[in-house]
Structures are given as C-alpha cells and as structure tokens.
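So you can see what is in the structure, the chains are spelled out below.
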Amino acid sequence: MAAGKNLSLFKDKPVKVLLAKPGIDGHDRGMFVLAKAFRDAGMDVLYAGLLPTPEEVVDTAINEDVDVIALSLLNGAHLVVFKKVADLMKKRGIDDIAIVGGGTIPDADKPKLEKLGITGNYGPGTPLKTIIEHIIMRAEEARSRKLGIA
Amino acid sequence: MTQTPEEIADGVLAGDIRSISRAITLVEDHNSLITGRKIIKSIYGMTGRAGIIGITGPPGVGKSTIIGNLASMLKGTGKKVAVIAIDASSPFTNGSFLGNRIRMQDKLYRDGIYMRSLSSRGSSGGLSRSTWDAVRVLDAAGYDRIIVETVGAGQADLDILGMAHTIAVALAPGLGDEIQAIKAGLMEIASIFIINKMDRDGAFMAMKDIEDSLALTPQNEWKIPVVGLNSINLDGYEELLAAIEKHLAYVRKSPLSAKKRFFNEVKAALMAESELRINALTESSMSGLTDLESDVRKKVDPYTVAEEISKSVLGDIA
Ligand SMILES: Nc1nc2c(ncn2[C@@H]2O[C@H](COP(=O)(O)OP(=O)(O)O)[C@@H](O)[C@H]2O)c(=O)[nH]1
Ligand SMILES: [Mg+2]
C-alpha cells in the first residue's frame, strides 16, 4: 500500500493517550488539568489511576492500544521509574507506542531520557499547547509504525 | 510492529493480547473498515462460545464498579473474562475521557483481566458495529465471558445490547422521576434488574418499585429477577452471579434465540453496509438506481425516490 493511503487509515481516529503517574507520587491535580486539556484538544484520554506499577502502565497501554504514554512525576524518581516503563516496553517488543515524560526533571537527565526514547520532558509551567503539539507529533510517529511505514 | 490482517487474525485465535488489541483498534476505526472486516471474516467461525453480558443503566448508578467486582468474581470461578466499556465522547471536540476504566482498574490490574475502552463517537450505526466486532474478536480469542458496559441511553445502546445474551439493567436509589422513563424503555430488554447502592436510603423502595412494575408486565418463561447490590461490601453479588449464569444457560438452550441473535447481527451488518454504500454514492452511480434528470424535471420529492430505491432491495416495510 502507498504511504499516503496508509496514513489516511487513522485520520479521523483521535490520538489515544494514557496518562500515568507511576511510583510514589500522590499528587493528582495536575493530571486532571492535563486530562481535560487533552480531551478538549480532541484526544481520547485514559488515566492509569493512582500509583500504578510500571507493569500496570505497560499492560494498560497494550490493552487499550494507545498511541502515547504520558508519564509524569514530581519527586525526582523519574529516571528509575521512566526507565522501567521504557525497558518493559522494549522487552515486550513494543515500538509502536510512544513515551513522553513530564514533571520536575533536571536538564542533566533529559538526554538520558531521550536516549530511552522518552521525549518532551517538559517542566511545570510549560504551555499546554506545546505539550499537546508534542504528543500529537509522537502519536503520528507511533501510528505510522503501527501501519508499517516508518 | 506491523502485522498483516491474516497475522492479526491468527494472533487473535491464539489469544495473543497484542493481536487482540490491534484487531480492536482496526475494527474501531471506520477508515480501516476493509482491514477490520477481513479480520472479522476470518475469525467469525470461532465465535459463538462466549457468554455476552450487557450492563446498562443511567450514568452514576455504579455500572463500572459492578463490572469490576463481577469480572473479578467470574474470574474466580475459573472463567476467562474480558470487559468492553463505552465512554461518551464530546460532540464538540470529539475527544473523550475514558473514565470507566478508572472505576474498575484496580480489580483488573490484580486479576489480569483484559479491558478495552471504546468511545461513543460517530454515527450510532458505527458504534454498534465496532462494539459488536470488538466482542467478536474477544469471543474468538477464547474469552468465556465478555461484559459490555454501555452509556445507558438511545438507539445506539439498544443496537449494541442486541448482541448480548444477558442484559442487566442497573439502577440506584435517588434517580427521581427519571426512573419511570428508564423503566419504560428498558423493561422489555432486561434479563435482570440490579438495584445498586443498597447502602443508600430509598434502595428498598426502588427495589419494590421495580418488582411491582414487573408483576404488572406479562413475562415469558424467564422470570426477571431483581437483585439488590451493595458494591462497597459486595452484598448481593453471589445472587447476581447466579442469576447471570442461570440466564446464560437459559438463553443458550434455545435455538430460537440463536436465530434471533443472528438476525440482530445481520441487521447491524446491513446497517453498516448501507451506510458505507450510501456514503460511496456518486451522481453517476445513483443514476443507475433512479433517473435523476427526470426526477428533477418532474420535481419528484427526495423521499419518494429514496423509498423506491430502498424498496427494490429491502422490500416493503411491513
Ligand atoms: N454508596 C455507594 N456508592 C457506590 C456503590 N457502587 C458504586 N458507587 C459509587 O457511585 C459512583 C459512580 O460509580 P460508577 O461505577 O462510575 O457508575 P457508572 O457511571 O454507572 O459506571 C462512584 O463514586 C462509585 O464509587 C454502592 O454500592 N454504594
Ligand atoms: Mg461507567
């Protein structure tokens, strides 16, 4: 099939995103602000609940066949937890679901996360528009992988 | 990972979760209709084994909570269980918050139950088609019980529920006058009534209200039970589980119901097929069905033309 035709397969299907705040961080308000912003931007939004394990995040992402997992943490444990999610995805051979990060992430850690395929990594105060555009970009990447045209 | 429709179908039949998930993505996306259909056609022969349970009722009565508990109990009896839940999407942005999962996911996580959220966008024909197809995928994948949560109103809901063997209508105290309208609409399709939130005031009144209405309604062989649930301490769940299993056994004994279900399946497929074909019509292909030029000249009204065209395929309306 031609690439152009393939891309049109999902053209009316909203970006599906799983919001997750795995690990030991219990603040949830920020998540609901994001969830609402994503929905208003026309996405299908899932929320993995309070303190899901990395395994639960990955299982949910697969069951729901999301385009993007959006991970967020505010307590500095991001490297360990984000890496766990990325490792699990890799172990299970999943390359057609993108991972983006967010939270209070020191600049020094960002290249490490990028190397794991976790992009964005926006801090507090980032305009929602920037985050949304980034998610849509990564979702399109993931979808073209789902369709085998990457 | 890219898979051909054939590979996805094989994966579904082998019970592979990623293939199941991808198959549902494809049947949910109306632009992937052709691929989705290919998959359904090749797995259809393996469907028909699952017991399909629809749970419907107004928002907030506790459907998702009930499904979490019920799925977990069914799993405890050795059944392979999957859940599909439909969330309402915003008609303005098309986006949706898939919140049903939140109410049940702790149980799902613990028990490793497959659950998929669908969003209620697009045409009602499209939604029931994709829900039916998602259920077929899970059925062919070997799930023994598939529980479907619907939004609880409208024709789309009734179309979806047409595929269920057993329909549980969930209500809760405090619905006010609304309950009369719901009762009227759902009395005929309910196999079981649930009054949830038995810990709340007015729960026993609500139960009695339903029981009284049922006593006045002519019923067939199956006597519709009214089950009270407390979803916090799980009172009533044994009774619900027993009622569901009893009804599934009752339905599956009857060859008449298999035919009726297939009638519903074909009707839904026909609805999807005609929508597809109508959307694909052009001026020139429509000219093969009616003489557009002459219709314009004679100022024939569009309904008459549409009736003539439909009649030639589907016959007169009885
Ligand atoms: N008091 C009480 N609350 C319940 C019960 N079951 C569910 N709920 C609550 O009712 C609300 C709606 O539940 P949900 O499952 O989302 O309802 P749905 O919209 O019908 O799916 C939630 O806050 C539940 O915690 C119950 O048996 N008793
Ligand atoms: Mg619900």
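Quantities reported herein were computed from a predicted structural model and do not represent experimental measurements.

A. Molecular detail of the overall build of chain B. Counting secondary structure elements, chain B contains 14 helices and eight strands. Its C-alpha radius of gyration of 21 Å places chain B within 12% of the 20 Å reference for a compact globule of 318 residues. Each principal axis of the C-alpha atoms in chain B carries an extent, and together these give about 70 × 50 × 45 Å. Residues counted as buried form 50% of the 318 residues belonging to chain B. Restricting the contact set of chain B to residue pairs at least 6 apart, pairs at least 24 apart contribute 75%. For chain B, the exposed surface amounts to about 15700 Å²; the carbon and sulfur share of it is 58%. Averaged over its 36 positive side-chain charges, chain B has a centre that lies 4 Å from the centre of its 39 negative ones.

B. Fine view of the coordination of the magnesium ion (ligand 2). All names here are of chain B. All of the protein donors around the magnesium ion (ligand 2) are S64 (OG), N100 (OD1) and E149 (OE); their distances to the metal are 2.1 Å. Look at where the donors of the magnesium ion (ligand 2) fall in the sequence and you get S-x35-N-x48-E. With N100 in helix α5 (residues 100-111) and E149 in strand β5 (residues 145-149), the pair connects residues that are 49 residues apart, well separated along the chain. Here the two residues N100 and E149 agree in accessibility, since each one is buried.

C. Expanded view of the site of ligand 1. Residues and elements named next belong to chain B. Around ligand 1, the structure places 17 residues, and the nearest of them are G60, K63, T65, D199 and S231. At 2.5 Å, a side-chain N or O of T65 approaches an oxygen atom of ligand 1. With respect to ligand 1, the side chain of R103 contributes an N or O atom lying 2.8 Å from an oxygen atom. If ligand 1 stood free it would expose 580 Å²; the protein chains cover 78% of that surface. In terms of residue count, helix α4 (residues 63-76) provides more of the shell around ligand 1 than any other element does, three residues in total.

D. Quick peek at the pattern of salt bridges. Throughout the structure, instances matching the rule amount to 28 salt bridges over all chains. Note that R277 of chain B is salt-bridged to E273 of chain B, the shortest N-O span being 2.5 Å. Of this pair, R277 of chain B and E273 of chain B both sit in helix α11 (residues 255-280), four residues apart, roughly one helical turn. In this structure R277 of chain B comes out as exposed when scored by relative accessible area, which is 56%. In this structure, the salt-bridge partner of K311 of chain B is D316 of chain B, at a minimum N-O distance of 3.9 Å. Assessed through its relative accessible area of 62%, D316 of chain B is described here as exposed. Sharing partners across several salt bridges, the network here consists of D65, D67, D96, R143 and K146 of chain A together with R18 and R22 of chain B.

E. Inspection of the domain arrangement of chain B at higher detail. All names here are of chain B. Looking at chain B, the domain boundaries give domain 1 (1-46), domain 2 (49-254) and domain 3 (260-314). A separation of 35 Å is found between the C-alpha centroids of domain 2 and domain 3. Listed by partner, the interface residues are twelve residues for domain 2 and six residues for domain 3. Between domain 2 and domain 3 the total buried area reaches about 700 Å² when both faces are included, carbon and sulfur atoms providing 54% of it. One can count one salt bridge joining domain 2 with domain 3.

F. Seen up close, helix α4 (residues 78-91) of chain A. Residue and element names in this part refer to chain A. Between its first and last C-alpha, α4 extends 19 Å over 14 residues, near the 20 Å set by a 1.5 Å rise per residue. Every buried residue belonging to α4 is among H78, V81, F82, V85, A86, L88 and M89, and all of these are buried. Here the buried residues of α4 occupy an arc of 160° about the axis, which is enough to place them on one side. Opposite the buried face of α4, at more than 90 degrees from it, the exposed residues are V80, K90 and K91. Positive backbone phi, approximately 70°, marks G93, located one or two places after α4.

G. Examining the confidence of the model for chain A more closely. Per-residue confidence for chain A averages 85 on the pLDDT scale, and 86% of its residues sit at or above 70. The secondary structure element of chain A with the lowest average pLDDT is helix α1 (residues 3-8) of chain A, at 36, and the one with the highest is helix α3 (residues 54-63) of chain A, at 95.

H. Expanded view of the environment of V81 of chain B. Summarising the element assignment, V81 of chain B is placed in strand β2 (residues 81-87). In sequence terms V81 of chain B and D111 of chain B are 30 residues apart; their C-alpha atoms lie 9.8 Å from each other.

I. Local environment of the packing of aromatic side chains. Inspection of every chain in the model, using the stated rule, returns four aromatic pairs over all chains. Relative to Y47 of chain A, the ring of F32 of chain A has its centre 5.3 Å away and its plane inclined at 55°; by these criteria the two rings are tilted. Taken together, the positions of F32 of chain A in helix α2 (residues 29-40) and Y47 of chain A in strand β2 (residues 44-50) put the pair 15 residues apart, joining distant regions of the chain. When its relative accessible area of 41% is taken as the criterion, F32 of chain A is described as partly exposed. Residue Y47 of chain A is classed as buried on the basis of its relative accessible area of 4%. Between the aromatic rings of F32 of chain A and F97 of chain B, the centroid separation amounts to 6.5 Å while the plane-to-plane angle is 65°, which identifies the pairing as edge-to-face. Of this pair, F32 of chain A sits in helix α2 while F97 of chain B sits in strand β3 (residues 96-97), on two different chains. Chaining the aromatic ring pairs together yields one cluster made of F32 and Y47 of chain A together with F97 of chain B. K80 of chain B extends its terminal NZ or CZ atom over the ring of Y143 of chain B, reaching a point 4.4 Å from the ring centre.

J. Layout of unusual backbone geometry. Despite not being glycine, N121 of chain A shows a phi value in the positive range, around 55°. Within the element layout of this structure, N121 of chain A appears in strand β5 (residues 118-122). In this structure, K197 of chain B is a non-glycine residue whose phi angle is positive, near 65°. In this structure, K197 of chain B sits in the loop between β7 (192-195) and α9 (203-216).

Cut-off values and rules
Residues numbered from 1 in each chain as written. Chains lettered and ligands numbered in written order. Predicted model: local features only at pLDDT ≥ 70, side-chain atom pairs only at ≥ 80, totals over all residues. Heavy atoms only, no water. Helix = DSSP H or I, 4+ residues; strand = E, 2+ residues; numbered from the N terminus. Rg over C-alpha atoms; globule rule 2.2 N^0.38 Å. Buried < 20%, exposed > 50% of the residue type's maximum accessible area, 1.4 Å probe, protein only. Contact = heavy atoms within 4.5 Å. Areas by Shrake-Rupley, 256 points an atom, 1.4 Å probe, with all protein chains shown as cover. Lys, Arg positive; Asp, Glu negative; His and termini not counted. Charge placed at Lys NZ, Arg CZ, Asp CG, Glu CD. Donors = N, O, S within 2.8 Å, 3.2 Å for Na, K, Ca; no water. Near = heavy atom within 4 Å. Polar contact = N/O pair within 3.5 Å; in protein donor to acceptor, adjacent residues only side chain to side chain. Salt bridge = Lys/Arg side-chain N within 4 Å of Asp/Glu carboxyl O. Domains from an automatic or database assignment. Buried area = accessible area lost by both parts, 1.4 Å probe. Expected span 1.5 Å × (residues − 1). Arc of directions from axis to C-beta. pLDDT = per-residue confidence, 0-100. Phe/Tyr/Trp six-rings, centres within 6.5 Å; stacked < 30°, edge-to-face > 60°. Lys NZ or Arg CZ within 6 Å of the ring centre and 35° of its normal.

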